[in-house]
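A closer look at the structure
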Amino acid sequence: MGGLLELTDITVRYGADIHPVRDLTMSVQEGGTVALVGSNGAGKTTLLRALSGTLRFHRGTVSAGGVTLAGDRIDRLDPAEIVRRGIAHVPEGRRIFKEMTVEENLLVGSLALGARKDRRTLLDEMLDLFPVLRKKRRTGAALLSGGEQQMLAIGRSLMSRPRLLMLDEPSLGLAPTAISMVGDVIARIAERGTTVLLAEQNIALARRLATQVLVLRLGRVEWRGAPGEMDDSGVVRDLYLGGTGREREAEAGS
Amino acid sequence: MRLANLLVDGLSLGLIYALISIGFVVIFRGTKTPNFAHGSMLVLGTFVVASLHSRLGFGGALAAGILVSAVSGLLVNRIAMLPTRDAGTDVRGIITIGLNVILTAELTRRLGANIMSTGAPWGDATLSAGGLRLPVSRLCALLVSVLIIGGFMLVNRYTMMGLSARATAEDPEIASMVGARLRRVSDSAWILGGVFAAVAGVFLTTYPSAGLVVGTSEIAILAFPAAVIGGLDSVGGAVAGGLLVGLSQSLVSGYHDRLDFLGHGFDTVAPWILMVAVLLWRPHGLFGKRPLYRI
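Notes on the structure in this doc start here. (Residues numbered from 1 in each chain as written. Chains lettered and ligands numbered in written order. Predicted model: local features only at pLDDT ≥ 70, side-chain atom pairs only at ≥ 80, totals over all residues. Heavy atoms only, no water.)

1. Quick word on the pairing of strand 7 (residues 164–168) of chain A
Each regular strand displays side chains that alternate between the two surfaces of the sheet. All names here are of chain A. For strand 7, the tally of buried residues reaches 5 of 5 residues, placing the bulk of the element in the interior. By the alternation rule, side chains of strand 7 split into Leu164, Met166 and Asp168 and Leu165 and Leu167, which are all buried. Where strand 6 (residues 87–90) lies against strand 7, 4 bridges are found, and the strand directions are parallel. Its bridge partner being in strand 7, Ile87 is matched across the sheet by Leu164. (Buried < 20%, exposed > 50% of the residue type's maximum accessible area, 1.4 Å probe, protein only. Helix = DSSP H or I, 4+ residues; strand = E, 2+ residues; numbered from the N terminus. Pairing = 2+ DSSP bridges.)

What follows is the structure in structure tokens.
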């Protein structure tokens with residue numbers, strides 16, 4: 001093992017007895033791109049919330065297991081501390097600050113860096129990475145298109161110079177051209193050496209970007225492997241045509 | 001000339017309300033809590049100034065009053081607000097109503113029927129120019145309020161601290177995700193609310209009233225309609241609301257001879273009527289952005 005991020009037997013609880021994630025163990029190697037795929041309710045979003053420390057906002061807790069980042073336990077830290085340790089989270093639905101300008105959204109992303117003088121250089125880097133944002137830097141963020149808002153949400157997260165960037169359904173609700181642009185950006189970020197954990201229902205996108213794929217179902221890892229192995233495993237068929245693990249077990253037993 | 005005098009009087013009074021109201025809004029934005037104890041926090045700070053000025057001089061007493069008020073804000077946050085941070089806005093609002101009753105009872109016990117002077121050096125002196133009359137106290141209030149409010153708005157707009165506070169006001173979960181320390185943001189909101197209240201309290205009790213009395217908290221509570229008129233979560237709105245409340249009071253009391261049919265002392269009711277009228281017209285206030293926080 002010895003990955004950048006290690007999850008050991010993680011169980012998440014909402015309320016008294018809802019466990020959207022159960023006994024989940026996984027590892028993310030430095031420099032890789034891991035895609036978490038699975039249908040609605042598989043536990044992808046919950047897992048990312050557990051990692052960024054934001055379960056509390058949804059009345060959830062990590063009730064068992066542990067998470068380490070580069071060997072240090074992080075599962076009891078609060079979100080502001082976790083982002084300082086190097087995990088940035090681009091949440092589902094983008095959630096940009098609509099009352100701020102594009103530039104302010106990016107700057108607020110650098111809060112984790114503390115009192116650093118190179119904030120403006122970093123901002124400039126980000127505007128190079130997202131030329132469409134440079135043109136609209138003084139524009140109110142609420143006025144951006146869906147694709148632009150997704151770029152902004154990603155840029156905001158990169159402003160903390162993360163070691164691990166987690167993205168939750170970045171393709172959700174976007175037009176096909178915007179999805180392909182978002183894909184290009186994520187590929188570029190990974191090339192620059194940032195480790196990526198991508199929760200995605202869009203299998204094509206996940207497959208294109210990932211070095212490793214984990215299929216989640218009902219809060220557990222049902223399958224893991226390289227993107228190229230997905231076809232042979234039948235896992236894609238199961239995800240989309242409604243097959244279940246139990247049916248496969250039955251098939252195997254017959 | 002009567003109108004001009006009333007306008008000047010109303011605007012300068014309005015700025016004091018704006019100062020209290022901004023504190024209220026900062027606390028609401030930072031912690032989603034309507035602080036109904038704001039008036040008694042103001043009286044507490046002013047009480048400290050009034051109790052200590054003969055020993056420490058006005059400057060020292062003012063510093064002590066501001067400090068006590070700031071610390072009281074911090075304590076309220078730590079003891080009552082942070083533990084209930086996952087409860088609703090309504091629960092925390094009700095807690096502040098309880099705190100207000102407790103604090104007011106204690107201050108009433110100490111103040112009794114006394115009128116305590118804060119020892120402000122400007123006293124009740126008045127400047128006149130071309131028929132316009134302006135009490136020195138109000139002139140100082142005007143300058144200090146403009147400085148504090150302007151400074152606060154600049155910090156809010158242009159610094160990382162301000163950005164962090166604005167992010168927290170808009171979406172606490174995402175703010176914490178990008179690194180805002182929510183406890184620190186809420187601490188500073190309560191501290192700032194306390195500081196602004198203490199400063200405003202000193203001006204509120206030097207003119208037109210002769211000093212601090214038990215009823216001062218009732219005057220201070222006028223910052224509430226000011227904040228609601230402005231929109232509860234808007235700093236600019238708090239200033240506009242404060243000015244409107246100040247003007248409505250000043251004009252109604254200045255023209256009371258023509259408004260006699262409304263009854264005596266209608267100026268104390270006018271801001272509340274204005275508040276109800278604004279809410280009927282715009283349920284989230286003049287500048288409130290999010291219908292989520294409608295009253």
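2. With respect to the sheet that holds strand 7 of chain A
Residue and element names in this part refer to chain A. Strand order in the open sheet formed by 6 strands is 6-7-8-3-9-10, with mixed pairing between adjacent strands. Edge positions in the open sheet fall to strand 6 and strand 10 (220–225), since each of these has one partner strand only. Strand after strand, the sheet turns through a mean of 20° between neighbouring axes, direction not considered. Relative to strand 10, strand 9 (residues 212–217) runs antiparallel, the two being bridged by 5 bridges. Bridge pairing links Val213 to Gly225 in strand 10. Of the strands in this sheet, strand 3 (33–37), strand 6, strand 7, strand 8 (195–199) and strand 9 are in contact with helix 1 (residues 44–52), which crosses strand 7 at around 145°. Strands in contact with helix 6 (residues 146–158) are strand 6 and strand 7; relative to strand 6, the strand with the most contacts, it is inclined by about 165°. (Axes fitted to C-alpha atoms, helices over the stretch in contact; angles between N-to-C directions. Contact = heavy atoms within 4.5 Å.)

3. Observations regarding the nonpolar core
All names here are of chain B. The biggest cluster of nonpolar side chains holds 59 residues, and the ones touching the most others in it are Tyr17, Ile20, Ile22, Leu42, Trp122, Ile149 and Leu204. Of all the secondary-structure elements, those providing two or more residues to this core are helix 1 (2–31), helix 2 (38–81), helix 3 (89–111), helix 4 (136–158), helix 7 (182–204), helix 9 (223–230), helix 10 (235–254) and helix 11 (270–281). In this structure Trp122 touches Phe58, Val136, Ser137, Cys140, Val202, Phe203 and Thr206, once residues within four positions along its chain are discounted. (Core = buried A, V, L, I, M, F, W, Y, C linked by side-chain atoms within 4.5 Å.)

4. Notes on the interface of chain B and chain A
On the side of chain A, 29 residues touch chain B, which itself brings 23 residues to the contact. Of the roughly 2400 Å² buried between chain B and chain A on both sides combined, carbon and sulfur atoms contribute 57%. Counting the contacts that link chain B with chain A gives 11 residue pairs in polar contact (both at pLDDT 80 or more). Contributions of two or more residues to the side of chain B that touches chain A are made by helix 5 (160–170) and helix 6 (172–177) of chain B. Here the side of chain B that touches chain A is composed, by residue class, of 10 nonpolar, 3 polar and 10 charged. (Buried area = accessible area lost by both parts, 1.4 Å probe. Polar contact = N/O pair within 3.5 Å; in protein donor to acceptor, adjacent residues only side chain to side chain. Nonpolar A, V, L, I, M, F, W, Y, C, P; charged D, E, K, R; others polar.)

5. Notes on a nonpolar patch on the surface
On the surface, a cluster of nonpolar side chains totalling about 390 Å² of accessible area is made up of Leu67, Val71, Leu75 and Ile79 of chain B. Relative to the helices and strands, Leu67 of chain B resides in helix 2. (Patch = residues over 30% accessible without salt bridge, like charges linked within 9 Å, V, L, I, M, F, W, Y side chains within 5 Å. Areas by Shrake-Rupley, 256 points an atom, 1.4 Å probe, with all protein chains shown as cover. Salt bridge = Lys/Arg side-chain N within 4 Å of Asp/Glu carboxyl O.)

6. Concerning the pattern of salt bridges
Evaluated as defined, the whole model comprises 24 salt bridges over all chains. The salt bridge involving Arg85 of chain A is made with Glu81 of chain A; its shortest N-O contact spans 3.2 Å. Of the two residues, Arg85 of chain A and Glu81 of chain A both sit in helix 2 (residues 79–85), 4 residues apart, roughly one turn of that helix. According to the relative accessible area criterion, Arg85 of chain A is partly exposed, its value standing at 32%. Given the relative accessible area of 23%, Glu81 of chain A is considered partly exposed. Arg95 of chain A serves as the salt-bridge partner of Glu173 of chain B, at 2.9 Å between the closest nitrogen and oxygen. Separated into two different chains, Glu173 of chain B in helix 6 and Arg95 of chain A in the loop between strand 6 and helix 3 (102–108) make up a pair that spans both. On the basis of relative accessibility, which here comes to 7%, the residue Glu173 of chain B falls in the buried class. Through salt bridges with shared partners, a single ionic network connects Glu103, Arg120, Arg137 and Arg138 of chain A.

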